[in-house]
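Structure assessment
If you want the building blocks of each chain, they are given just below.
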Amino acid sequence: MTRACIVGWAHTPFGKLEDPDVESLIARVSGEALTHAGVGSDQVDGIYVGVMNNGFSKQGFEAAQVALHRPDLAHVPATHVENACATGSAALYTALDFVESGRGRVALVIGAEKMTAKSVVETSDILLSASYRKEEGDIDGGFAGVFGRIAATYFQRYGDRSEELARIAAKNHRNGVANPYAQMRRDFGFEFCNRISDKNPYVAAPLRRTDCSLISDGAAALVVADAETAETLERAIGFRTRQHVNDHLPLSRRDPVAFQGARLAWDKARAAAGISLDDLDFVETHDCFTVAELLEYEAMGLAAPGEGYRVVREGIAEMGGKLPINPSGGLKSKGHPVGATGVSQHVMACLQLMNEAGGMQVAGAALAGVFNMGGAAVANYVSILERRK
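Residues numbered from 1 in each chain as written. Predicted model: local features only at pLDDT ≥ 70, side-chain atom pairs only at ≥ 80, totals over all residues. Heavy atoms only, no water.

The protein chain has the name Acetyl-CoA acetyltransferase in an unreviewed UniProt entry, where Methylobacterium soli is given as its organism.

Below, the structure written as C-alpha cells:
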C-alpha cells in the first residue's frame, strides 16, 4: 500500500466573515491549496468536502459546489463527508484511503462551515444534533449544556476544577494571539476567565463563556498525494499513523467523563507509531469546551483519570512546557467552524512541522499529534504527523 502525504494547504481566517455562504468559503481555499501544493487541476483525481451543515444552510450537495468557482474541476469525482465536529478529519481520512488504495494519486480535501448566519438559538439546536436527541434533546443550553453536564459529573466525582478550566482557557487565548487565522486574538488572562461577570457569565453551569469555543465561519483545505508524486513536489508531511475509533452515541451507555473512545484512539496511535507521549513535540487537540481539553489530557495518557488538573498546575501543556497543547490557540481562540476544524488542525500541525508557524512556532517541532472528535468523544481521530520533505 502506498503511503499518502500532505503536500499543500490553505486556510481562511476564522470568525464572523463577510462570505455569504459555504460556496464562497470553498472557493477561497480550493485554488489556493492547489497552488500551494504545486499541482494542477488536471492532476486532481478526487475531491472530498467536509461540511456538517445539518440546517446551517438549505443548500446541500456541498461536493458539487467546488466546481461552481473551479469549472476545471467539474468532472473530477467529488464526495461530501459528514461526521459531526470531526467532519474535517473524516474528509481527510477518506481522501487518504482513496490515495492509499491506489484509486488516485492526488486528492483535494476541503473543510468549511458558515455558522454565523443563524441565530445563537438556531445554532445551538443544530449543534445539539451531534448528541443523541432521543435522550439529550431537552438539555438546556444545547451542545454547551451537554458538556456542562459532563463537567458537572466530573466535578462531582473528582472535585471542582473550575480554576483549571479557566487556566486552560487563558492558555489557549494567550496562544491564539500569535495565530493570524484566529477569531479571538486576545489574551484575556486567568483572572477574567476564572471570574463570573457580565462579560463572562455561565453558559451551561459550571461552564462559563470563556469555557466555550466560538461560533465561527471559515474554511481550510489540504492536498494529499501518494509518496511518488510527493517526491516531485516542494513539501511532504507524512502520517506515522492515523487512527479512528468510535464510541456509543448516547452518554447513558458509557461513562461520560472517561472519553473511552478517545483513549482507545490514542492507545492505538501510540502503539502503531511506536512512540510514547514523550516523543511528541506538541498536540493540537479538540477543545470545543475547556472540560473537553481537560478530559483529553487524561485520554491521551498525560494524567490518570481525575488528575488532569496536574497537567494544568505543572504547566505541562503550556508553550515551553513538556508537551505544548494547542499552540495555535485551539478551537477556543481560533474558532470552531465545525466542518473546517479537523482540516484546520492538520494545517496548523503542518505549519509547525515546516517551521512556518511564526509566533506560534514550537522550537524544533518534528513529531505532531492531532486529536479531532465528533460529538462528545463519539468519533475520535488521532493523527501522528512528521515531515518527510
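1. Considering the overall build of the protein chain
The helix and strand inventory of the protein chain stands at 14 helices and eleven strands. By the compact-globule yardstick of 21 Å for 389 residues, the protein chain fits well, its C-alpha radius of gyration being 19 Å. Across its three principal axes, the protein chain shows a C-alpha extent of roughly 55 × 45 × 40 Å. For the protein chain, the residues scored as buried account for 63% of the 389 residues in total. In the protein chain, 77% of the contacts between residues at least 6 apart in sequence involve partners at least 24 apart. About 14400 Å² of surface is accessible on the protein chain, with carbon and sulfur atoms providing 48% of the total. (Helix = DSSP H or I, 4+ residues; strand = E, 2+ residues; numbered from the N terminus. Rg over C-alpha atoms; globule rule 2.2 N^0.38 Å. Buried < 20%, exposed > 50% of the residue type's maximum accessible area, 1.4 Å probe, protein only. Contact = heavy atoms within 4.5 Å. Areas by Shrake-Rupley, 256 points an atom, 1.4 Å probe, with all protein chains shown as cover.)

2. Details of the UniProt feature "domain: Thiolase C-terminal" (unreviewed entry) in the protein chain
Under the present numbering, the feature "domain: Thiolase C-terminal" (unreviewed entry) in UniProt falls on residues 246–387. The span residues 246–387 shows a helical share of 37% and a strand share of 15%, and its end C-alpha atoms are spaced 28 Å apart. (UniProt positions renumbered as here; feature names shortened; annotations may be inferred.)

3. A word on the packing of helix α10 (residues 260–273) against helix α11 (residues 290–300)
The description of two packed helices rests on the angle between their axes and on the distance between the axes. Between α10 and α11, the least distance of the axes is 8 Å, while the angle of their chain directions is 45°. The orientation of α10 relative to α11 falls into the category oblique. The two elements α10 and α11 meet at a crossing, and its hand is right-handed. Two secondary-structure elements touch here, α10 through A262, R263, W266 and R270 and α11 through E298, A299 and M300. Classifying every residue of the contact of α10 with α11 by side-chain character gives four nonpolar, no polar and three charged. (Axes fitted to C-alpha atoms, helices over the stretch in contact; angles between N-to-C directions. Parallel < 35°, antiparallel > 145°, perpendicular 65-115°, else oblique. Left-handed = near helix turned anticlockwise from the far one by under 90°. Nonpolar A, V, L, I, M, F, W, Y, C, P; charged D, E, K, R; others polar.)

4. Thoughts on the packing of aromatic side chains
One pass over the full model with this rule turns up seven aromatic pairs. Geometrically, the ring pair formed by Y154 and Y158 is tilted, given 4.9 Å between the ring centres and 55° between the ring planes. With Y154 and Y158 both in helix α6 (residues 142–158), this residue pair falls four residues apart, about one helical turn. According to the relative accessible area criterion, Y158 is partly exposed, its value standing at 28%. Three or more aromatic residues link up through ring pairs in this structure, and these residues are F143, F147 and F289. Here R161 stacks its cationic end above the ring of Y309, 3.9 Å away from the centre of that ring. A cation sits over an aromatic face here: R242 above Y93, 5.2 Å from the ring centre. (Phe/Tyr/Trp six-rings, centres within 6.5 Å; stacked < 30°, edge-to-face > 60°. Lys NZ or Arg CZ within 6 Å of the ring centre and 35° of its normal.)

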